[in-house]
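The residues making up each chain are set out below.
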Amino acid sequence: MSSRRSGLGRGLEALIPTNLDATSGLPTRQNQANGEDQMFGLINPEGTVRDRLPVTLEEMKALYADMVEARVYDTKSIAMQRQGRLATYAPFHGQEAAQIGAAAALREDDWVAATYRDAALNWRAGYPWELLILGRTGDERGGQVPEGVNILPPSITVGGHMIHAVGLAWAEKLSGTDRIALTSFGDGATSEGDFHEAMNFAAVYQTPTVFFCQNNGYAISYPISEQTRSESIAIKADAYGMPGVRVDGNDVVAVLVAVREAASLARSGGGPSLIEAVTYRMGPHTTADDPTRYRDESEGAEWEAKDPLTRVRNLLERQGAWTQDWQDELETQASETIEKAVEWAEAVPEPTFEEMINRVFAEPTPPLLDHWEEGRKHGV
Amino acid sequence: MAELNLAQAVNGALGMALDNDERVVLLGEDIGRTGGVFRITDGLRDRFGENRVFDTPVAESGIVGAAFGMAVAGMRPVAEIQFLGFSYPAYDQVVNHVARIRNRTNHRFGAPMVIRIPFGGGIGAAEHHSESTEVIYAHIPGLKVVVPSTPRDARGLLLAAIEDPDPVIFLEPIRLYRAVKEDIPDIYYTVGIGPVRVERQGEDITLISWGAMMKETRAAAGVLEEDDVSVEVIDVRTLSPLDREGIVASVQKTGRAVIVHEAPLTAGFGAEIAATISEQALYSLQAPVRRVTGWDTVFPLKRSEAHYLPSVDRIVSAARATLED
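Owing to the predicted nature of the structure, the values given are computational and were not obtained by experimental measurement.

Undergrad: Describe the interface of chain B and chain A, listing the residues and the values that go with them.
TA: Each side of the interface is counted separately: chain B has 35 residues, and chain A has 32 residues. Elements with a contribution of two residues or more to the side of chain B that touches chain A: helix 3 (60-72), helix 4 (91-98) and helix 5 (101-104) of chain B. Of the residues that constitute the side of chain B that touches chain A, the class distribution is 14 nonpolar, 16 polar and five charged.

Undergrad: Requested: an account of the pairing of strand 7 (residues 168-173) of chain B, with residues and values cited.
TA: All names here are of chain B. Among the six residues in strand 7, six count as buried, and that is most of the element. The alternating pattern of strand 7 places Val168, Phe170 and Glu172 and Ile169, Leu171 and Pro173 on opposite faces, both of which are buried. Of the strand pairs in this sheet, strand 5 (residues 114-119) and strand 7 are connected by six bridges, and their pairing is parallel. Among the inter-strand pairings, Ile115 is bridged to a residue of strand 7, identified as Ile169. In the sheet, strand 6 (residues 144-146) pairs with strand 7 via three bridges, with the strands oriented parallel. Note that in strand 7 the partner of Lys144 across the bridge is Val168.

Undergrad: Residue-level account of the sheet that holds strand 7 (residues 273-278) of chain A, with values.
TA: Residue and element names in this part refer to chain A. One open sheet accounts for five strands, arranged 1-2-3-7-6; its pairing is parallel. Bordering the open sheet on either side are strand 1 (111-113) and strand 6 (244-248), each of which pairs with just one other strand. Averaged over all pairs of adjacent strands, the angle between strand axes in this sheet comes to 20 degrees, irrespective of strand direction. For strand 6 and strand 7, the ladder comprises five bridges, and the chain directions are parallel. Its bridge partner being in strand 7, Val245 is matched across the sheet by Ile275. Packed on one face of the sheet, helix 8 (residues 162-175) meets strand 1, strand 2 (181-186) and strand 3 (209-215) and runs near 175 degrees to strand 2.

Undergrad: Can you lay out the sheet that holds strand 5 of chain B for me, pointing to particular residues and giving the numbers?
TA: All names here are of chain B. In space, the seven strands of this open sheet follow the order 3-2-4-5-7-6-12, with mixed pairing throughout. If you trace the sheet from one side to the other, it starts and ends with strand 3 (53-55) and strand 12 (238-240), each paired once. Strand-to-strand, the axes of this sheet are offset by a mean angle of 20 degrees, without reference to chain direction. By the bridge criterion, three bridges tie strand 4 (residues 76-80) to strand 5 in an arrangement that is parallel. If you follow Glu80 over to strand 5, its bridge partner there is Arg116. Sheet strands in contact with helix 3 are strand 2 (24-28), strand 4 and strand 5, and its direction is about 170 degrees off that of strand 4.

Undergrad: Which residues make up the packing of helix 5 (residues 96-104) of chain A against helix 12 (residues 252-267) of chain A, and what are the values?
TA: Residues and elements named next belong to chain A. Across the interface, helix 5 lies against helix 12 with an axial gap of 7 Å and an inter-helix angle of 35 degrees. The crossing of helix 5 and helix 12 is right-handed. Each of Ala97, Ala98, Ile100, Gly101, Ala102 and Ala104 in helix 5 lies in contact with helix 12, whose residues at this interface are Val252, Val255, Leu256 and Val259. Residues of the contact of helix 5 with helix 12, tallied by class, amount to nine nonpolar, one polar and no charged.

About the thresholds
Residues numbered from 1 in each chain as written. Chains lettered and ligands numbered in written order. Predicted model: local features only at pLDDT ≥ 70, side-chain atom pairs only at ≥ 80, totals over all residues. Contact = placed C-beta atoms within 7 Å. Helix = DSSP H or I, 4+ residues; strand = E, 2+ residues; numbered from the N terminus. Nonpolar A, V, L, I, M, F, W, Y, C, P; charged D, E, K, R; others polar. Buried ≥ 20, exposed ≤ 12 C-beta atoms within 10 Å, placed from the backbone. Pairing = 2+ DSSP bridges. Axes fitted to C-alpha atoms, helices over the stretch in contact; angles between N-to-C directions. Left-handed = near helix turned anticlockwise from the far one by under 90°.

Just geometry here; none of it tells us what the structure is for.
Written out as structure tokens, the structure is:
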């Protein structure tokens, strides 16, 4: 079993716990599914490091700045939903490290198929804030990413998009490029039958696909400890014949390293892998949800102590690379960026009936043209 | 010209598409080594190799979802699902992703792909192997649904479907695969998706059908002609987008229409056609529109199949009643 995982890179192998081996004295299933033990991590919650970090200080600062910007977006998005300016929102507060770390490991032209909770990941991978926000004002044009950005619109149904990253990667492999595809999904999606089909297809055809699971503890209200009897999500990879790694999802560098290794494996013809980033959704499932009905507040406090931004901030501060002024500057800049993006989205002219008719097919069909005539008569 | 049956016409079309466009790949269960359950892809893996013709795991959602990803990335996948009754696990992919990606991305991405599915009864197959649930696809915006009934149309429509920038559900009538041969041009040609085909011109009544029931509909027209009834026969051949104009023009001429389909009556596609006629040709009608369809029963197993399938006799009777009204 370990030989398959050794494909993830020599340096990394020693750091990855052998949690696929039932005889290695692992924590109990309950602990593995819920706890932070037995997973790959580099930065401790208090900001000390477990190992040498394979990033420069400047890269570290950039990752931090990205996480700050993402958090500002998240906070503003919730506020704007409450003001009625944006549709229902699925916050990612607490998952910034997982999303920024994963996206930072990708190449600009790689494919991404992610979910409604992955705004930070999509943004870091190249999806402009403006279009993410436009989509959330209730406008299909938000899905029209610029040429050269290979990101599918956030998937709204749970789990159906994982197989798309298999097809996308398969096409690249057949076309002889070294482009890969990453699909991001939550713990809930691993219960879908489509998870099995996607994992199996990817392994069978050795497609360059990275399966990136953010295990944030809950499928809306249903805890991971009840969703599966597997010791972890990562362990499921073993059944498909691909590497599976459990990583501290609140450690941006650990996620970056793990996804980078998985991407490099895929890019060099080594096939797919599964990364389980263990994290926590600090907020509700969506702005329409009340998590106090199913979660104990003490749980949130426990995870607050493992906050993905705080630990990097502590680390940088220890290096003399963080100041309150810099923090304020980052937050102000991010706030302005998001404000401008919202203003841009709100200034986009209302979509027309004609556009709705015209985007069903490459060319509108005769029945659609009939609708167009009919609608126009009634001032639609 | 070559004398080919429908199965051979499709096989030839797939070979031509693979030859013509390197973006075309085929994927499906058992389509490589064995040439598929109906041998429609026979010989193609040997000819084009295992990187163009893929045997897949038994996973319809996976096949369609992977084909979708390939299509978005610029390929032209042609997926095969073994039977229409086996396509339902992939329905989520078709409805929620394949049919909508162009809309969801305002044309930034499309899904130029074909899903070939044998359908219909009449061969005494096992349960779930004889479904005619074409209407569940015809109802979905963003899909084109094509149903050839002749070798000539099968080849031309399939090549048009593969060239189409949007997803096409291509339904192949199992009962007709090897039932009739036709002289067709043994070259690459397309038949436009959309227009109905007026198979036979007539003045007194229009018989409208598609897929395997074209066989009985033709036979019924022959019986009626013997009684000096001038019958127009329309093969709808594209359910979506529906050529309403073609149907309405015929009914305006004849004033009478009988719609024939194998699927159950209730909410069958015949209802859409009857509604179109009543909306657009009511004042030309000299009699109510009749439908001859399968019953609202579960499609039966072999020993009851004859009870289910609309017969030539039922079509002739409905036409006579319509002519007498």
